[in-house]
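Remarks on the overall topology
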Amino acid sequence: AQKITQTQPGMFVQEKEAVTLDCTYDTSDQSYGLFWYKQPSSGEMIFLIYQGSYDEQNATEGRYSLNFQKARKSANLVISASQLGDSAMYFCAMSAITFGNEKLTFGTGTRLTIIP
Amino acid sequence: NAGVTQTPKFQVLKTGQSMTLQCAQDMNHEYMSWYRQDPGMGLRLIHYSVGAGITDQGEVPNGYNVSRSTTEDFPLRLLSAAPSQTSVYFCATYAGYRGNTIYFGEGSWLTVV
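Residues numbered from 1 in each chain as written. Chains lettered and ligands numbered in written order. Predicted model: local features only at pLDDT ≥ 70, side-chain atom pairs only at ≥ 80, totals over all residues. Heavy atoms only, no water.

**Overview of the overall build of chain B**
Basically, it comes down to this: Runs of H or I in DSSP of at least four residues are treated as helices and runs of E of at least two as strands, each being numbered from the N terminus. We take the radius of gyration over the C-alpha atoms and set the globule estimate at 2.2 Å times the residue count to the 0.38 power. Buried means the residue's accessible area, taken with a 1.4 Å probe over protein chains only, is under 20% of the maximum for its type, while exposed means over 50%, and partly exposed covers the values in between. In this description, contact between two residues means that some pair of their heavy atoms is separated by no more than 4.5 Å. All accessible-area figures derive from a Shrake-Rupley calculation using a 1.4 Å probe, and residue coverage is judged against the displayed protein chains alone.
For chain B, the helix and strand inventory stands at 0 helices and 11 strands. Along its sequence from the N terminus, chain B presents helices and strands in the succession β-β-β-β-β-β-β-β-β-β-β. Relative to its length of 113 residues, chain B is compact, with a C-alpha radius of gyration of 13 Å against a globular reference of 13 Å. A principal-axis box enclosing the C-alpha atoms of chain B has dimensions of 40 × 30 × 25 Å. Relative to its full complement of 113 residues, chain B shows a buried share of 49%. If you take every contact in chain B between residues at least 6 apart in sequence, the share linking residues at least 24 apart comes to 52%. About 5100 Å² of surface is accessible on chain B, with carbon and sulfur atoms providing 50% of the total.

Okay, structure coming up:
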């Protein structure tokens, strides 16, 4: 069965510092996708970044980058130069084939608080 | 969120009542799913569908029914609401294999009293 693990329930980071949010995954599928989403206090889910399992380069989107280490099955999100607006819940997710059907699985999330 | 329409946004139910949360998408995505999010928690998969006529259970399916008669629509039915079903519900769609974005509805805040 596929699984996403986010081991940091909460993090406090000083403004302008870089942040790494951890995500490890487990799947027997060879082709899969990894996603990060941000959920601010208003509740909507905001797409941040995507990494395909066969992508050789780490994905980057502005201040967001995904540190993809396939052998270690980790897909950590790095936020450079954090801002107060980055305070939110962050979810790691994976799409993979399970018992013949593709399935999306989410982690339990990390609540990030940026301190001025 | 463009392309995924989820209704209603807010609903209060009495214990034992039934209701249907609607989810419609216009992106021709094969994959649709329902999640619940309890306060301070992550997303737990209720049911999902990989195409019209195909549905499967997620990790918390009890108390919920789904059907997928068309590609566009994936309604979630609460047959006999219980206070434990008080939660925020999200519908999500995905283009499927090698798709690079999951699209979410705006969420439905459900309270069962």
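**A short note on the overall build of chain A**
Using the following cut-off: Neither His nor the chain termini are counted; the positive set is Lys and Arg, and the negative set is Asp and Glu. Taken as the charge location is NZ of Lys, CZ of Arg, CG of Asp or CD of Glu.
Counting its secondary structure elements, chain A contains 0 helices and 12 strands. Starting at the N terminus and ending at the C terminus, chain A contains elements arranged as β-β-β-β-β-β-β-β-β-β-β-β. By the compact-globule yardstick of 13 Å for 116 residues, chain A fits well, its C-alpha radius of gyration being 14 Å. Expressed along its principal axes, the backbone C-alpha trace of chain A runs to roughly 45 × 30 × 20 Å. Residues classed as buried in chain A amount to 53% of the 116 residues present. For chain A, the proportion of contacts with a sequence separation of at least 24, taken over those separated by at least 6, is 55%. Considering chain A, the positive charge centre built from 9 side chains and the negative charge centre built from 11 side chains are found 5 Å apart.

**Quick word on the interface of chain B and chain A**
Applicable threshold: Contacts described as polar in this section are N or O atom pairs within 3.5 Å, which, within protein, must combine one atom able to donate a hydrogen with one able to accept it, while residues neighboring in sequence count only if both atoms come from side chains. Lys, Arg, Asp and Glu make up the charged group, whereas Ala, Val, Leu, Ile, Met, Phe, Trp, Tyr, Cys and Pro make up the nonpolar group; the residues left over, Gly among them, are polar.
Contacts between the two partners involve 24 residues from chain B, matched on the other side by 22 residues from chain A. At the boundary of chain B and chain A, one finds 5 residue pairs in polar contact (both at pLDDT 80 or more). For the side of chain B that touches chain A, the elements supplying multiple residues, two or more each, are β4 (31-37), β5 (43-51), β9 (87-94) and β10 (102-104) of chain B. The element that contributes the greatest number of residues to the side of chain B that touches chain A is β5(B), accounting for 4 residues. Among the residues making up the side of chain B that touches chain A, the classes are represented as 14 nonpolar, 8 polar and 2 charged.

**Quick word on the nonpolar core**
Let me state the cut-off plainly: The definition of a nonpolar core used throughout is a set of buried Ala, Val, Leu, Ile, Met, Phe, Trp, Tyr and Cys residues joined through side-chain atoms within 4.5 Å.
Judged by nonpolar contacts, the single largest core of 26 residues is most densely connected at Val19(A), Tyr25(A), Trp36(A), Ile49(A), Leu77(A), Tyr90(A) and Leu112(A). Mapped onto this core, the elements with two or more residues apiece are β2 (10-14), β3 (19-21), β5 (33-39), β6 (46-52), β8 (64-69), β9 (74-79), β10 (88-98) and β12 (110-115) of chain A. Residue contacts for Leu77(A): discarding those within four places in its chain leaves Val19(A), Thr20(A), Leu21(A), Trp36(A), Leu48(A), Ile49(A), Tyr64(A), Ser65(A) and Tyr90(A). Counting residues in each nonpolar core, the second largest holds 20 residues, with Phe91(A), Tyr35(B), Ala92(B) and Ile102(B) among its members.

**Focus on the state of the cysteines**
Residue and element names in this part refer to chain B. Quick reminder of the rule: Note on disulfides: each one is a pair of cysteine sulfur atoms within 2.5 Å.
Scanning all chains against the criterion turns up 2 disulfides over all chains. The partner cysteine of Cys23 in its disulfide is Cys91, sulfur to sulfur 1.8 Å. Taking the torsion about the sulfur-sulfur bond, which here is approximately -70 degrees, the covalent link between Cys23 and Cys91 counts as left-handed. Placement of the pair is Cys23 in strand β3 (residues 19-25) and Cys91 in strand β9, with a sequence separation of 68 residues. Overall, the relative accessible area of 1% leaves Cys23 in the buried class.

**With respect to the confidence of the model for chain B**
For residues with low pLDDT, the predicted coordinates do not support detailed interpretation. Where we set the bar: Think of pLDDT as the predictor's per-residue confidence, scored from 0 to 100.
Taken as a whole, chain B shows an average pLDDT of 92; of its residues, 96% reach a score of 70 or greater. Mean pLDDT across the elements of chain B bottoms out in β10(B) (90) and peaks in strand β8 (residues 76-78) of chain B (98).

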